[in-house]
Amino acid sequence: MARITAGVYTSHVPAIGAALDLGKSSEPYWQKVFAGYEFSKRWLRENPPDVIFLVYNDHANAFSLEMIPTFAIGTAAEFQIADEGWGPRPVPKVVGHPELAAHIAQSVIQDDFDLTIVNRMEVDHGLTVPLSLMCGQPAAWPCPVIPFAVNVVQYPVPSGRRCLALGRAIRKAVASYDEPLKVQVWGTGGMSHQLQGPRAGLINRGFDNAFLDRLIADPEAQAQVPHIDYVREAGSEGIELVMWLIARGAMSDAPPRVLHRFYHVPASNTAVGHLILENT
Ligand code: DHB
Ligand code: FE
């Protein structure tokens, strides 16, 4: 049977992708960010998954205001890189895993979660920047990736409670897939940031670190936090953090082993947070 081995959590700041793509990663400003991923890149090389289930949000690139799925699973064989206005990032296309994705869709929908099935979709920095942070700049990504897009851009957004429960349904789905695949689940986005309005530039270190503590040790309590608290405390884009609860719910109930924890301010307008948790 397939099994989830570990969870990776990371911010997805687009300027990080631009720093890599434009050869600026050795500049002191960016070195401080990339230093937090040195362990992670080594760990991923030494612990390669067969598939990555990557929870992220699209930023009005694949989905416009014409159609806004709350939860969308990418079931295609491959996903092209979106053009976000400066041209698509020069990174490899994303190869999917249609069989496992279809199996997860079947199981999770039968468990009462309404997923949108997407057979054609481009992926933006929400998905490619985490891959770049964890894999560097390879000619091809190291394994198939199932993109799982969550709407945290256009209100109403899903609650943390629902995200955690959805993660649990994804865990059950993976565990019933009849092939011995090692699956990593990644939760991306966050941490505190607000990109517009009078509070633009907001960073809340206290909220971010309490979130990391509770994501590790008490996800059930974190899942009770209403969306408006994220917006008030972590900024309008801080709501991206609810996606981490999907990945956390997909991990086992036993306390995880914390392999790596990193927090750094600033990267562009955000705080960067990163965790690697292993199932015990
Ligand atoms: C920034 C952060 C984001 O999460 C995003 O989607 C776009 C921009 C930023 O910090 O600039
Ligand atoms: Fe974002």
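Bear in mind that the values here come from a model prediction, so they are computed numbers and not experimental data. (Residues numbered from 1 in each chain as written. Chains lettered and ligands numbered in written order. Predicted model: local features only at pLDDT ≥ 70, side-chain atom pairs only at ≥ 80, totals over all residues. Heavy atoms only, no water.)

### Looking at the site of ligand 1
Every residue lining ligand 1 is accounted for by His 12, Val 13, Pro 14, His 59, His 125, His 193, Leu 195, Glu 240, Ser 268, Asn 269 and Thr 270. His 193 is positioned with one of its side-chain polar atoms (N or O) 2.8 Å from an oxygen atom of ligand 1. The side chain of Glu 240 places a nitrogen or oxygen atom 3.5 Å from an oxygen atom of ligand 1. The protein chains hide 87% of the 290 Å² of surface that ligand 1 would expose on its own. Here the shell around ligand 1 is built from residues that sort into three nonpolar, seven polar and one charged. (Near = heavy atom within 4 Å. Polar contact = N/O pair within 3.5 Å; in protein donor to acceptor, adjacent residues only side chain to side chain. Areas by Shrake-Rupley, 256 points an atom, 1.4 Å probe, with all protein chains shown as cover. Nonpolar A, V, L, I, M, F, W, Y, C, P; charged D, E, K, R; others polar.)

### Quick word on the packing of aromatic side chains
Taken as a whole and judged by the stated rule, the model has nine aromatic pairs. Aromatic side chains Tyr 29 and Trp 30 sit 4.9 Å apart centroid to centroid with 80° between the ring planes, which places their arrangement in the edge-to-face category. For Tyr 29, a relative accessible area of 36% translates into the label partly exposed. The exposure class of Trp 30 is buried, given its relative accessible area of 9%. Residues Phe 211 and Tyr 230 carry aromatic rings whose centres are separated by 6.3 Å and whose planes lie at 70° to one another, so their mutual orientation is edge-to-face. Highlighted residues: Phe 211 in helix H7 (residues 205-217) and Tyr 230 in helix H9 (residues 227-234), separated in sequence by 19 residues. Each member of the pair Phe 211 and Tyr 230 is classed as buried. In textbook terms, an aromatic cluster arises when at least three aromatic residues are bridged by ring pairs, as seen for Tyr 9, Phe 207, Phe 211, Tyr 230 and Trp 244. (Phe/Tyr/Trp six-rings, centres within 6.5 Å; stacked < 30°, edge-to-face > 60°. Buried < 20%, exposed > 50% of the residue type's maximum accessible area, 1.4 Å probe, protein only. Helix = DSSP H or I, 4+ residues; strand = E, 2+ residues; numbered from the N terminus.)

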